[in-house]
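Listed here are the chains, written in short residue letters.
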Amino acid sequence: MSQPIRKAVFPVAGMGTRFLPATKAVPKEMLPVVDKPLIQYAVEEARAAGIDQIIFVTAGGKGAIEDHFDHHGPLEDQLRDKGKDDALADILLPLGTPGEVIFTRQQEPLGLGHAVWCARHLVGAEPFAVILPDDMVLGEPGCMRQMVDAFAKTGGNLVAVEDVPRAHTNRYGILDPGAESDRLVEVRGLVEKPDPADAPSTLSVIGRYVLLPEIFDHLARQERGAGGEIQLTDAMARMIGAHPFHGLRFAGRRFDCGDKVGFLEANIAYALDRPDMAASVRRLLAEALGAGEPDQE
């Protein structure tokens, strides 16, 4: 029987240069989707999957993330005094209990694999999750809940996957897929950002992983891959054959919030998923598109 997944690593050291000037002084992970920062959605997804230890791998300029997952005494007192219990509950929700949220630094920007390696002492010798907040997945149950459930059956390494246009394979880690059953795909090989002509498939890895602790042995080699960085994909590829390895075709709609259009798309989709906002947002979209009032449901 597989060990439970208790810890999740959140690599959040990136500079967010694609969103400048908005991210000059605000971490990209703190950009809001509707009324909640990207990073909070990711943490809530982890906790909904039964994960209780949250490990952030940060860099300079990320203090706002630490503040977000800490108490704000004056604000909390003000909300209590004014009887704004719902708002108070909203800001207390992501905090967890003392000791459950941990921060460590990636002192050099050497790639995703290096960021995960920086958390090795905090993870220890147990399987763990990696969640990239830039990738949002709208659906129930959450993507990580689906992965934790699948890991309980498969063991080994597990990645969330979806098909992308062949022209976009050079943006992702791409699977060389094997047998497929019940949304699980055997991983025979992994290639980081292959040219479309050389890609073994169009099945791409998105920002959700469940990994065995042996990954740290491979990351410790500090070998550079695509873009001159230490790639997580390369370390995972070295484990193929030694451990079970599967991709999970998750249920849900994924948004690439590292891209401006994807970020706007996520805001619209999450707003439309909110009962308190959906009708108003539909009306605004119809007006903006010149379509007049939408049909009433």
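The structure we're discussing is the one just above.
Computed from a prediction, not measured in an experiment: that's the story for all the values here. Along each chain, the written sequence defines residue order, and numbers are assigned to residues from 1. Note on the predicted model: pLDDT of at least 70 is required for a residue's local features to be given, and 80 or more for side-chain atom pairs to be given and counted; whole-chain, interface and lining totals, by contrast, use all residues. Computation of side-chain values: all heavy atoms of the structure, hydrogens and water removed.

## Examining the nonpolar core
Inference 1: The definition of a nonpolar core used throughout is a set of buried Ala, Val, Leu, Ile, Met, Phe, Trp, Tyr and Cys residues joined through side-chain atoms within 4.5 Å. Relative accessibility decides the category of a residue: with a 1.4 Å probe and only protein chains considered, values under 20% of the type maximum give buried, values over 50% give exposed, and everything between is partly exposed. Formed by 65 residues in total, the largest nonpolar core has its most connected members in Phe10, Phe56 and Ile215.
Inference 2: Only heavy atoms enter the contact rule, under which two residues are in contact if any of them lie within 4.5 Å. Here Phe56 is in contact with Phe10, Val12, Ile39, Val43, Ile65, Phe69, Val101, Ile102, Phe103 and Thr104, once residues within four sequence places are set aside.

## What to know about the packing of helix 3 (residues 73-81) against helix 4 (residues 85-92)
Inference 1: Between helix 3 and helix 4, whose axes approach to 8 Å, the crossing angle comes to 155°. As the angle between them shows, helix 3 and helix 4 are arranged roughly antiparallel. Relative to helix 4, the crossing made by helix 3 is left-handed. Across the interface between the two elements, Leu75, Glu76, Leu79 and Arg80 from helix 3 touch Ala87, Leu88, Ile91 and Leu92 from helix 4.
Inference 2: Only Asp, Glu, Lys and Arg are considered charged in this grouping, and only Ala, Val, Leu, Ile, Met, Phe, Trp, Tyr, Cys and Pro are considered nonpolar; every other residue, Gly among them, is considered polar. Among the residues forming the contact of helix 3 with helix 4, the class breakdown is 6 nonpolar, no polar and 2 charged. Convention adopted: a line fitted to C-alpha atoms gives each axis, helices being fitted over their contacting stretch, and angles between N-to-C directions are expressed from 0 to 180 degrees. Per the convention used, a helix needs a DSSP run of H or I reaching at least four residues, while a strand needs a run of E reaching at least two, with both numbered from the N terminus. Each angle is binned into one of four classes, with values under 35 degrees roughly parallel, values over 145 roughly antiparallel, values of 65 to 115 roughly perpendicular, and all other values oblique. With the far helix as reference, a near helix turned anticlockwise by less than a right angle produces a left-handed crossing, and one turned clockwise produces a right-handed crossing.

## With respect to the packing of aromatic side chains
Inference 1: A pair of Phe, Tyr and Trp rings is counted when the ring centres sit within 6.5 Å of each other, with Trp represented by its six-membered ring. The angle between the planes then sorts it: under 30 degrees is stacked, over 60 is edge-to-face, the rest tilted. Considering all chains together, one arrives at 7 aromatic pairs under this definition.
Inference 2: Ring geometry for Phe10 against Phe56: centres 5.4 Å apart, planes inclined by 45°, an arrangement best described as tilted. Here Phe56 lies in strand 4 (residues 53-58) and Phe10 lies in strand 1 (residues 7-11), a separation of 46 residues in the sequence.
Inference 3: Ring pairing ties together the aromatic residues Phe10, Phe56, Phe69 and Phe103, which thus form one cluster.

## Re the state of the cysteines
Inference 1: For this text, the term disulfide refers to a pair of cysteine sulfurs within 2.5 Å. Taken as a whole and judged by the stated rule, the model has 0 disulfides.
Inference 2: In this model Cys257 remains outside any disulfide bridge; the closest cysteine sulfur is found in Cys143, 14 Å from its own.

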